[in-house]
Amino acid sequence: MPRPPASPPYQRLLQPRLLAGLVAALCLTATGSVWWGAYVDAERDARTGFDYHARELVNNMAARMQAYVQVLYGVQGLFASSDFVDRQEFHTYIERLELGQNFPGMQGIGFMRMVPGPQLASHIAIVQAEGFPDYAVTPPGQRSQYGPVVYLEPFSGSNLQAFGYDGLSEPVRRAAFEQARDSGLPTMTGKLLLKQETADPVQAGFIIALPIYQNGVGRYTLLQRRSALKGWVYAPFRMGDVMAALGHDALHGLDVEIYDGDEPNAMSRMFDSAPAAPAAEGRQHAVKRIGLAGRRWTLHISALPKRNGVLSDKPRTIAIGGLLISALLALLAYVLAESRQRLRVALDYSSRMGDELREGQETLLAMAEHAQGSQAVLRCILDSTVDGILVDNYGGTVLNSNRRFRQLWNVPEQLDWENDGAILLAHMAGQLDQPEAFLHACASPETDDEDSHSQLQMRDGRVLEVTTRPLRLGSEAARLWSFRDITERTMNERREESRHHVLELLAAGAPQQEVLESLMRGIEAVNPGMICSVMLLDEDGRHLLLSAAPSLPAFFKQAIDGLPIGFGNGSCGKAVTSNSRVIVEDIARDPLWAPYREMALRAGLGACWSEPVHGANGKVLGAFAIYHREPQRPSVAQLALIDQAASLAGIAVEQARAAEALRIGEARFRSLYDHAPVALWQQDWSAVRAALQELVESGVEDVAQWLQVNPSQLQRLAGLVRITDVNSAALAQVGADASCKESGRLSLAQNFAPAAMQEFGQALLAMEQGSHLFQCEASFLRLDGVQRQNELTLLVMPGHEHALDFVIVSTLDITERKRLNEELVQLATTDFLTGLPNRREFMLRLEDEQARLQRDVGGRAAVLMLDIDYFKDINDAHGHDWGDAVLRHLAGLMRDSQRKIDMLGRVGGEEFAFLLPGADLEAARAFAERLRQRIADTPMGRNGSTIAITVSIGIASMAPGDRSGDAALVRADHALYRAKRAGRNRVEG
């Protein structure tokens, strides 16, 4: 075909390839913009879903570990209910727990008995006698204490490997068991390899332990808990089995790595759900930390990569659809430009080659046929686009349109718009809420502007996006209209805006009515024609109170406010009574509205759909209602809207009520705090925690030992504690007024005096190690300088264990109580004349020594009974005051002769008793002889006179087989009488 003649520059833009390229570029740009928005939304949704699953995983793990701890508390209760739990009782109790079914992940439950080093051989003999001849404590070796596993259920399989194993022999286990012993609380070990771990694959494990104390023994102080310890109940866990017990859904789509402690590394890794997964770069990632039984775990949670990435749903569809549409429009532009160019060439040929009419006619016929085919292709493409296309000439004449345009505007087939464009424009304007702007745009003259964009609101609720673009059809100016239905997108945006606004109001603590009215207006804005209301039950649950109805007439709201619930009182009353949805399609005919029909019709209401509003616990709070001006039945989408709106209203009501209850609760708590009879101190220990962390980072490995070597540092650390608030009782306790709290005159010395820095150090170390509760006694300073005694309880508030920035300290002045207690103890245990322990105190010590002998195989002890010879003669000859002096003189000589571990007491009128721990009969005899000789050689002098004093002494050794210590005392008493009969001033045994 010959080359066409030169054309003006503006016509060169209509070259087929250039025009097609421009159209493709514009369409691809629009597609890229829409795709990017969808991609960002998909990324945000993926992040939200990942955060939800990560929180659910952490909550499920915490709940599971709490269930395991509760099982151990139950076993602890078994031991607390009996002085001795035998192996069969332990087996029966654990068997009925059905660990495999009810507590998956728990390998078993065992009991470790505390065995002192000297009693190891006796312990092994006892267990072997129970039917385990091969029983031995492993690993072997001499240690001061042993903690062998004596009970373990189920007693089969790999659990047999742990039978007899000494958990105190290994540092990780020992640290956890000692912490449980000292705190009385459940304690978890760090990462370790269980004794049951004998087969591949090897899993990391851990142990949770609870202490078992002797019944009837006090456990209020650290020393009491240590001395009362009988052993531990514990449960071993394999990390993989614990995570498998959470179920497959808990880890679905997640790569979970669990580390022991706060520092993640290969040595502290306890679990990896997807070891073969690629590195977490580019994936959603979260780090969670949870505290479990005095131990902290760090969870690294990553989202597993999806097969198709984020472009698997909406973004991929938009990208593919946009590419297809771009290709179609580019092809359409190319065909149009090509057709126009061909027509121009044909016209040029016809003007220049008129002498060849026949050949030209044939050529024109061929070109006409081609043009018709191109027009058919163009029509097919236009009718296949998702947008409605309309072309006019600025004068009201419609040049072309496609099928989608006629569908969007409901153009009837019989409408003669092709001959009269005004008819079509009038038809379109009749479907618009505000047709003036559209008609003005239609009548606007030709302009050189490029594309313009706007939106049209239809009367039927739809929203159309309009794009106008100027065209040149030959020498005639034309305009292309593009209409796209964006109703769903617009509605979603409005619903999301309304939802966000409601959530913002809830987060800001807005009143309930304001939140509900905002929710109603949001629903009405998204759904024109709907009138919404919320009615809530009163405190008695018998009447419905109108809480929000911004669009209902005032007289109608006043009439239905306080409506009794039940049938015949409208849709809301029936919905609350039946706890189900109530649909009234026509208020004028439905019997439910009989009492209020006339008023509803006067308000212009034709239909009412009601849905009960539920709280989180399922309780009915009230009813949500949607009114319509005309009778109608809800569609499926509208039913879903009713359900969603009622659910959101329930959340809003409960959140608003919870916020109000929280405000009231805070006010009450503040009142209780200020007027509490107990002294309360609110303190911030975060600076102390930071100082300890600096010590560790500087190279101090054992903080407790460092503080013992540097006791002066405790005073510096105490100065870092900040008192943030105190109540009236605390001010009165230290002799302060309210101004002292604001002026900063209060310090930690009002809790721990300088002399009580040791107790402060114990409290500091306990909280630094994760303990949330510490109790002790210490001295404190009043502001007037007087030092007194107090009883302190330090409580780290939940959620502040790591920072220690919220510590509540309660103090009780026990100065007078301790003085009275000391006086009472002195009166109850001391003989008033000699100052020696009385008979009751001596017998208690004697029974303690007898119990020690029964525990310590090979232990020895002896008892001495002393009686003053001829004491009655001294009283008769010199008087009772001389007799009292003789008793005091003898008590002084015996006190000077005793060892620190010996026990001396007055058990009768002139009778005294000696307890000699660790002494056999020969050593006791030698001691008694020295004492007798010293008394005989030391006469008592008084008022210039002297009296010679002699004593008779009976000795007896204590035997482990005696039922009580009194048996040895009786034998010593018999020996004493033998010494009396043998002439006095002698020792018999």
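Here's what I pulled together on the structure shown here. (Residues numbered from 1 in each chain as written. Predicted model: local features only at pLDDT ≥ 70, side-chain atom pairs only at ≥ 80, totals over all residues. Heavy atoms only, no water.)

### Considering the overall build of the protein chain
Reasoning step 1: Within the protein chain, the regular secondary structure consists of 31 helices and 34 strands.
Reasoning step 2: Taken over C-alpha atoms, the radius of gyration comes to 47 Å for the protein chain, far larger than the 30 Å a tight globule of 989 residues would show.
Reasoning step 3: Structurally, the protein chain occupies a C-alpha span of about 175 × 70 × 55 Å along its principal axes.
Reasoning step 4: The 989 residues of the protein chain split such that 43% are buried.
Reasoning step 5: A sequence separation of at least 24 residues applies to 62% of the contacts in the protein chain between residues at least 6 apart.
Reasoning step 6: For the protein chain, the computed accessible surface area is about 51600 Å², with 53% contributed by carbon and sulfur atoms.
Reasoning step 7: Here the protein chain contributes 99 positively and 120 negatively charged side chains, and the mean placements of these two sets differ by 4 Å. (Helix = DSSP H or I, 4+ residues; strand = E, 2+ residues; numbered from the N terminus. Rg over C-alpha atoms; globule rule 2.2 N^0.38 Å. Buried < 20%, exposed > 50% of the residue type's maximum accessible area, 1.4 Å probe, protein only. Contact = heavy atoms within 4.5 Å. Areas by Shrake-Rupley, 256 points an atom, 1.4 Å probe, with all protein chains shown as cover. Lys, Arg positive; Asp, Glu negative; His and termini not counted. Charge placed at Lys NZ, Arg CZ, Asp CG, Glu CD.)

### A short note on the pairing of strand S16 (residues 476–485)
Residues in a regular strand project their side chains so that they alternate between the two faces of the sheet.
Reasoning step 1: By the bridge criterion, five bridges tie strand S12 (residues 388–392) to S16 in an arrangement that is antiparallel. Counterpart to isoleucine 389 in the pairing with S16 is serine 482.
Reasoning step 2: Where strand S15 (residues 463–473) meets S16, ten bridges bridge the pair, whose relative direction is antiparallel. Residue arginine 469 lies in a different strand from S16, and its bridge partner there is leucine 480. (Pairing = 2+ DSSP bridges.)

### Concerning the packing of aromatic side chains
Reasoning step 1: Taken as a whole, this structure holds 23 aromatic pairs when the rule is applied.
Reasoning step 2: Plain terms: the ring middles of tryptophan 36 and tyrosine 39 are 5.6 Å apart, the flat faces sit at 20° to each other, and that makes the pair stacked. With tryptophan 36 and tyrosine 39 both in helix H2 (residues 16–80) and three residues apart, this pair spans about one turn of that helix.
Reasoning step 3: On the basis of an interplanar angle of 35° and a centroid distance of 5.6 Å, the ring pair of tryptophan 685 and phenylalanine 760 is categorised as tilted. Placement of tryptophan 685 in the loop between strand S23 (679–684) and helix H20 (686–697) and of phenylalanine 760 in helix H25 (residues 757–768) is noted, with a sequence separation of 75 residues between them. (Phe/Tyr/Trp six-rings, centres within 6.5 Å; stacked < 30°, edge-to-face > 60°.)

### Remarks on the packing of helix H29 (residues 880–897) against helix H30 (residues 921–936)
Reasoning step 1: Where H29 contacts H30, the two axes come as close as 11 Å, and the packing angle between them is 140°. Classified by the angle between their axes, H29 and H30 sit oblique to one another. Crossing of H29 against H30: the hand is right-handed. Across the interface between the two elements, Leu890, Leu893, Met894, Asp896 and Ser897 from H29 touch Phe927, Leu931, Arg934 and Ile935 from H30.
Reasoning step 2: For the contact of H29 with H30, the per-class residue count stands at six nonpolar, one polar and two charged. (Axes fitted to C-alpha atoms, helices over the stretch in contact; angles between N-to-C directions. Parallel < 35°, antiparallel > 145°, perpendicular 65-115°, else oblique. Left-handed = near helix turned anticlockwise from the far one by under 90°. Nonpolar A, V, L, I, M, F, W, Y, C, P; charged D, E, K, R; others polar.)

### Digging into unusual backbone geometry
Reasoning step 1: Following threonine 138, the chain continues to proline 139 via a peptide bond in cis, the omega torsion being -5°.
Reasoning step 2: Checked against the element boundaries, proline 139 lands in the loop between helix H5 (120–129) and strand S3 (145–146).
Reasoning step 3: Following glutamate 153, the chain continues to proline 154 via a peptide bond in cis, the omega torsion being -5°.
Reasoning step 4: Its location among the elements puts proline 154 in the loop between strand S4 (149–153) and helix H6 (171–183).
Reasoning step 5: Although it is not a glycine, tyrosine 870 sits at a positive phi angle of roughly 55°.
Reasoning step 6: Tracing the sequence through the fold places tyrosine 870 in the loop between strand S28 (861–868) and helix H28 (871–878).
Reasoning step 7: Tyrosine 870 gets classed as partly exposed once you look at its relative accessible area, which sits at 47%.
Reasoning step 8: Positive phi values are uncommon outside glycine, yet asparagine 985 reaches one of about 50°.
Reasoning step 9: Within the secondary structure, asparagine 985 is located in the loop between helix H31 (966–981) and strand S34 (987–988).

### Overview of helix H17 (residues 570–578)
Reasoning step 1: Turning to H17, its buried residues are Gly570, Ser571, Cys572, Gly573, Ala575 and Val576.
Reasoning step 2: Against strand S17 (530–537), strand S18 (543–548), strand S20 (582–584), strand S21 (607–614) and strand S22 (620–628) lie the buried residues of H17.
Reasoning step 3: Among the residues trailing H17, asparagine 579 stands out with phi positive, at a value near 55°.

### Quick notes on the sheet that holds strand S10 (residues 285–292)
Reasoning step 1: Spatially, four strands are ordered S9-S8-S11-S10 in an open sheet, and the strand pairing comes out antiparallel. Lying at the two open borders of the sheet, with one neighbouring strand each, are strand S9 (269–272) and S10. Averaged over all pairs of adjacent strands, the angle between their axes in this sheet comes to 20°, without regard to strand direction.
Reasoning step 2: Here seven bridges tie strand S8 (residues 254–260) to strand S11 (residues 295–303), and the two strands are oriented antiparallel to one another. Bridged to leucine 254 within S11 is alanine 303.
Reasoning step 3: Those strands touched by H2 are S8, S10 and S11, and its axis lies near 15° from that of S10.

### Observations regarding the sheet that holds strand S7 (residues 229–238)
Reasoning step 1: Across the sheet, five strands lie side by side as S4-S1-S7-S6-S5; this open sheet has antiparallel pairing. Since the sheet does not close on itself, it has two edges, and those belong to S4 and strand S5 (187–188), each with one partner.
Reasoning step 2: Pairing of strand S6 (residues 205–213) with S7 involves nine bridges; the strand directions are antiparallel. Bridging across to S7, tyrosine 213 finds its partner in leucine 229.
Reasoning step 3: The strands that H2 touches are strand S1 (109–113), S4, S5, S6 and S7; relative to S6, the one it contacts most, it runs at about 30°.
Reasoning step 4: Its contacts with the sheet place H6 against S1, S5, S6 and S7, and it is angled at close to 35° to S6.

### Concerning the nonpolar core
Reasoning step 1: Counting residues in each nonpolar core, the largest one holds 61 residues, and the members touching the most others are Ile109, Phe206 and Trp297.
Reasoning step 2: Counting 43 residues, the second largest nonpolar core, distinct from the first, contains Leu692, Ala763, Cys776 and Val807. (Core = buried A, V, L, I, M, F, W, Y, C linked by side-chain atoms within 4.5 Å.)

### A look at the packing of H28 against H29
Reasoning step 1: Running from N to C, H28 and H29 point in directions that differ by 140°, and their axes come no closer than 6 Å. Viewed along their axes, H28 and H29 adopt a mutual orientation that is oblique. Touching Phe871, Ile874, Asn875 and His878 of H28 are His880, Asp881, Trp882, Gly883, Val886 and Leu887, all from H29.
Reasoning step 2: Residue composition of the contact of H28 with H29, by class: five nonpolar, four polar and one charged.

### Things to note about H25
Reasoning step 1: Between its first and last C-alpha atoms H25 spans 16 Å; for twelve residues at 1.5 Å apiece the expected length is 16 Å, and the two agree.
Reasoning step 2: Among the residues of H25, Met757, Phe760, Gly761, Ala763, Leu764, Leu765, Ala766 and Met767 are the ones counted as buried.
Reasoning step 3: Close packing links the buried residues of H25 with H20, helix H21 (703–709), helix H22 (712–718), strand S25 (773–781), strand S26 (787–796) and strand S27 (807–813).
Reasoning step 4: Once H25 ends, the next one or two residues include glycine 770, with phi positive near 105°. (Expected span 1.5 Å × (residues − 1).)

### Describing the state of the cysteines
Reasoning step 1: Going through the model one piece at a time under the given rule, you end up with zero disulfides.
Reasoning step 2: Of all cysteine sulfurs in the structure, the one in cysteine 608 sits closest to cysteine 532, which takes part in no disulfide; the separation is 10 Å.
Reasoning step 3: Cysteine 572 takes part in no disulfide bond, and the closest cysteine sulfur, belonging to cysteine 608, lies 5.4 Å away.
Reasoning step 4: Under the relative-accessibility criterion, cysteine 572 is labelled buried at 4%. (Disulfide = S-S within 2.5 Å.)

### A look at the environment of valine 150
Reasoning step 1: With respect to the element layout, valine 150 can be found in strand S4.
Reasoning step 2: In this structure, the C-alpha to C-alpha distance between valine 150 and aspartate 540, residues 390 residues apart in sequence, is 60 Å.
Reasoning step 3: For valine 150, the residues in contact, after removing those within four places along its chain, are Arg87, Phe111, Arg113, His123, Val127, Tyr135 and Phe163.

### Concerning the pattern of salt bridges
Reasoning step 1: This model, assessed by the stated rule, comprises 36 salt bridges.
Reasoning step 2: The salt bridge partner of aspartate 241 is arginine 238, with a shortest N-O separation of 3.0 Å.
Reasoning step 3: Given the relative accessible area of 23%, aspartate 241 is considered partly exposed.
Reasoning step 4: Of the charged contacts, one joins arginine 860 and aspartate 920 as a salt bridge, the two residues approaching to 3.3 Å between their closest N and O atoms. One end of the pair, arginine 860, is in the loop between helix H27 (839–855) and S28; the other, aspartate 920, is in the loop between strand S30 (911–917) and H30, and 60 residues separate them in sequence.
Reasoning step 5: Salt bridges sharing partners connect three or more residues here, namely Arg181, Asp182 and Arg226. (Salt bridge = Lys/Arg side-chain N within 4 Å of Asp/Glu carboxyl O.)

### A look at the side chain of glutamine 733
Reasoning step 1: Here glutamine 733 is to be found in helix H23 (residues 728–733).
Reasoning step 2: Residue glutamine 733 is classed as buried on the basis of its relative accessible area of 11%.
Reasoning step 3: Within the structure, the side chain of glutamine 733 is placed 2.8 Å from the side chain of threonine 811, a separation counted as a polar contact.
Reasoning step 4: Ignoring anything within four residues of it in the chain, the contact list for glutamine 733 reads Ala679, Phe780, Arg782, Thr811, Leu812 and Asp813. (Polar contact = N/O pair within 3.5 Å; in protein donor to acceptor, adjacent residues only side chain to side chain.)

### Observations regarding the environment of isoleucine 109
Reasoning step 1: Mapped onto the secondary structure, isoleucine 109 falls in strand S1.
Reasoning step 2: Residue classification places isoleucine 109 among the buried residues on the basis of a relative accessible area of 0%.
Reasoning step 3: For isoleucine 109 and tyrosine 234, which are 125 residues apart along the polypeptide, the C-alpha to C-alpha distance reads 5.7 Å.
Reasoning step 4: Contacts of isoleucine 109, omitting those with residues within four sequence positions, involve Val71, Leu72, Val75, Phe90, Ile94, Leu97, Leu99, Tyr151, Leu152, Glu153 and Tyr234.

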